[in-house]
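Okay, here's what each chain looks like letter by letter:
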Number of protein chains: 2
Amino acid sequence: MSELYSARRTRLRDRCAAAGSAAALISRPANVRYLAGCAPPGAALLLGPDDDLLLTEGPLSGDPSEGRPAEELRVSELPTRDGDPVVAAADQAARAGAGSLAVEEHHLTVARHRALAQVAPRLRLADLARAVEAQRVVKDDEEISCLRIAAEITDQALGELLESILVGRTERHLALELERRLVDHGADGPAFATSVAAGPHSGRPGHLPTDRRVEEGDFLTVNLGANYRGYRCEIGRTFVIGTTPADWQIELYDLVFAAQRAGRETLAPGVECREVDRAARQVLVGAGHGERLGPGTGHGVGLEIDEDPRLSPAAMGKLDACVPVTVDPGIHIPGRGGVRIDDTLVVRPEADGGPELLTITTKELLAL
Amino acid sequence: MSELYSARRTRLRDRCAAAGSAAALISRPANVRYLAGCAPPGAALLLGPDDDLLLTEGPLSGDPSEGRPAEELRVSELPTRDGDPVVAAADQAARAGAGSLAVEEHHLTVARHRALAQVAPRLRLADLARAVEAQRVVKDDEEISCLRIAAEITDQALGELLESILVGRTERHLALELERRLVDHGADGPAFATSVAAGPHSGRPGHLPTDRRVEEGDFLTVNLGANYRGYRCEIGRTFVIGTTPADWQIELYDLVFAAQRAGRETLAPGVECREVDRAARQVLVGAGHGERLGPGTGHGVGLEIDEDPRLSPAAMGKLDACVPVTVDPGIHIPGRGGVRIDDTLVVRPEADGGPELLTITTKELLAL
């Protein structure tokens, strides 16, 4: 396991060296965790010019959900509030003779960057850009294993909720209940803020749960995910409350189901990311719902719930095997409600059976 | 209410003008919310040179817990993923003829700052520094009212938990239960991640709840707070589980209680922030616990759970009336446990009765 982290760091260090930087400073938490095994708040990871070094603000918490540092990695715990680990890292790099240091300009604030430049004025500061994010896109077996477990936990939590009484309960309570069940089943915590949307709220992207109670006849959309060892997946399902869905509900559901299936079926190594979005989008546009769609159909998942690649109209790039993504189209009709169907899948070669579905809760329209 | 926001913006704009900047760009969410009434993710607030303008990434969510824009404030909803509101704001300022723009260098990343400079190359970019944070320190009646309600909700949630059976329940479950009760009593959500620490975990600063079950004889420390309309307070209490505290527990509790009382009793307008910390700290140091103490004794609260002023040994500055702060000393003995006692209070003149205690749950050592 520790060789895993060491290998990731070596790969990145080699990339930086090829681009002219003997050293790199990683500060974005998900990136630090990917390379070091854990990401205490405020920590900085220095790669090169000597041995890699993790600098933390104060002592490590020892909390298992925060991960733990890779065995072979040197760790320097700075006294709490005694200065910025990022600045200390730059100082260290300069003293070790590095001529240049690549930093994450999309993460460091202007203030921290200035402080860094001040403490090491002869260090040439370059931009690492999204090199670590790019390296994180294709997942190894260990990572996919964590995502599988996260998805199992998510399916279990959702499944249990569906067996309970929903009518009369508020969106907020159901969301809190789901989060409790995620933790009960072994999650480190929820992957993101659980969304429960009933009636006219249903299908609304990014809906924060309110005190509205679930009523007979409602559409109910639920979006949740587990965080297992830092790895996050998501599932979204839509149900009807009561005995019989209305015609408009069946129609809308079948449409979104068809769009989501079309998206899932395009997933394969070599396929353009924008093609996945197009396949789902054209089903919905064809039925006249074009202007109700969101900016994209899905995104990568991993140590962050929303990471590269993006499955959207403007996306560049292609899918690879072992890239986990969501396919998450939906329709929301203001005042009426709507449907969202969301799965997490891993891109696999067709010869291996096509995309591996992680979130296996049924997508049949259930009346609850 | 809207005049409130307008007045805050005018005051800041005047400060910037005096420092040579005709316009300012606010991007830190708590600061945007303070000046505009809401802070949608990614939003940027442009003050001057013309009418103030809030630029958002996509449509406003309409979710009440996110607040709503001040009535008189112009809002520009940029198409989702169509660019950075911060960059659009700088472009707007340049077109309106501003010669300089003050930005929050402690918030903007290097990448966003470069993008801003690129879109408006003739705009002189200055540092707003923590001008908004400084303006937020003294709270008005409306803000203190929200904090009072947040504290009431917090006291209610905690009070209910104390009436229930605790033995045998895990730290995680108790934390989730507390968060549910906060929401039940009207909170927008928890102010921060609720901490429940039992037995050897008790008194540990920043402890993340685990699956350890509460046992007879344990110390149990609980830290929680409500977020009400964006305003966050906190309370911390320590209990003993079972019928009779052990002698070492009573001794340790009395000590932390005395330290916390000493801290509370120094609170008054004009008192140096470091003096509050010193008063609490010397009680603990005097009893031989010097090296177990945290970096400070308390901090301001408001739209953020941890804001200026800091009550720590290195703190500059003095307290003012209407400044809400926590007084939060504690002792943790690794392997054994410890005590934390934390209140939120508002600094008031002695003539008005001294500091106003918001978190009124008893600080007597209860055996539960």
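From a predicted model like this one, the values you see are computed outputs, not experimental measurements. (Residues numbered from 1 in each chain as written. Chains lettered and ligands numbered in written order. Predicted model: local features only at pLDDT ≥ 70, side-chain atom pairs only at ≥ 80, totals over all residues. Heavy atoms only, no water.)

Peer 1: Explain the relation of the copies chain B and chain A residue by residue, including any values.
Peer 2: Note on the chain copies: they are related by a rotation about an axis and a translation along it. Note on the copies: chain B fits chain A at an RMSD of 0.0 Å, the axial shift is 0.0 Å, and the rotation between them is 180 degrees. The superposition operator between the copies reduces to a two-fold rotation axis. Relative to the rotation axis, the C-alpha of Thr 109 of chain B is the closest in chain B, positioned 2.0 Å from it. The share of interface residues of chain B whose copies in chain A are also at the interface is 100%, consistent with both copies meeting through the same surface. (Least-squares fit on C-alpha atoms with pLDDT ≥ 70 in both. Contact = heavy atoms within 4.5 Å.)

Peer 1: Explain the interface of chain B and chain A residue by residue, including any values.
Peer 2: By a widespread convention, an interface's size corresponds to the accessible area lost as its parts come together. On the chain A side, the residues contacting the 30 residues of chain B number 30 residues. A buried area of about 2,400 Å², summed over both sides, lies between chain B and chain A, and 54% of it is on carbon and sulfur atoms. Applying the counting criterion to the chain B and chain A interface returns two salt bridges. Taken together, chain B and chain A are joined by 10 residue pairs in polar contact (both at pLDDT 80 or more). Listing elements by their share of the side of chain B that touches chain A, those giving two or more residues are α4 (110-119) and α7 (171-184) of chain B. Among the elements that take part in the side of chain B that touches chain A, α7 of chain B stands out by supplying six residues, more than any other. Residues of the side of chain B that touches chain A, tallied by class, amount to eight nonpolar, 10 polar and 12 charged. (Buried area = accessible area lost by both parts, 1.4 Å probe. Salt bridge = Lys/Arg side-chain N within 4 Å of Asp/Glu carboxyl O. Polar contact = N/O pair within 3.5 Å; in protein donor to acceptor, adjacent residues only side chain to side chain. Helix = DSSP H or I, 4+ residues; strand = E, 2+ residues; numbered from the N terminus. Nonpolar A, V, L, I, M, F, W, Y, C, P; charged D, E, K, R; others polar.)

Peer 1: An account of the pairing of strand β8 (residues 195-198) of chain B is needed here, citing residue identities and associated values.
Peer 2: Residues and elements named next belong to chain B. Judged by which residues are buried, β8 turns out to be covered on both faces: Ser 195 and Ala 197 on one side and Val 196 and Ala 198 on the other are all buried. As judged from the four bridges shared by β8 and strand β9 (residues 219-224), these two strands associate in the antiparallel manner. Residue pairing across strands places Ala 197 opposite Thr 221, the latter belonging to β9. (Buried < 20%, exposed > 50% of the residue type's maximum accessible area, 1.4 Å probe, protein only. Pairing = 2+ DSSP bridges.)

Peer 1: Pulling in residues and values, what's your account of the sheet that holds strand β10 (residues 226-228) of chain A?
Peer 2: Residues and elements named next belong to chain A. Taken in spatial order, the three strands of this open sheet run β7-β10-β11, and their pairing is antiparallel. The sheet is open, and its two borders are formed by β7 (189-190) and β11 (231-232), each paired with just one other strand. Relative to β11, β10 runs antiparallel, the two being bridged by two bridges. Note that in β11 the partner of Tyr 228 across the bridge is Tyr 231.

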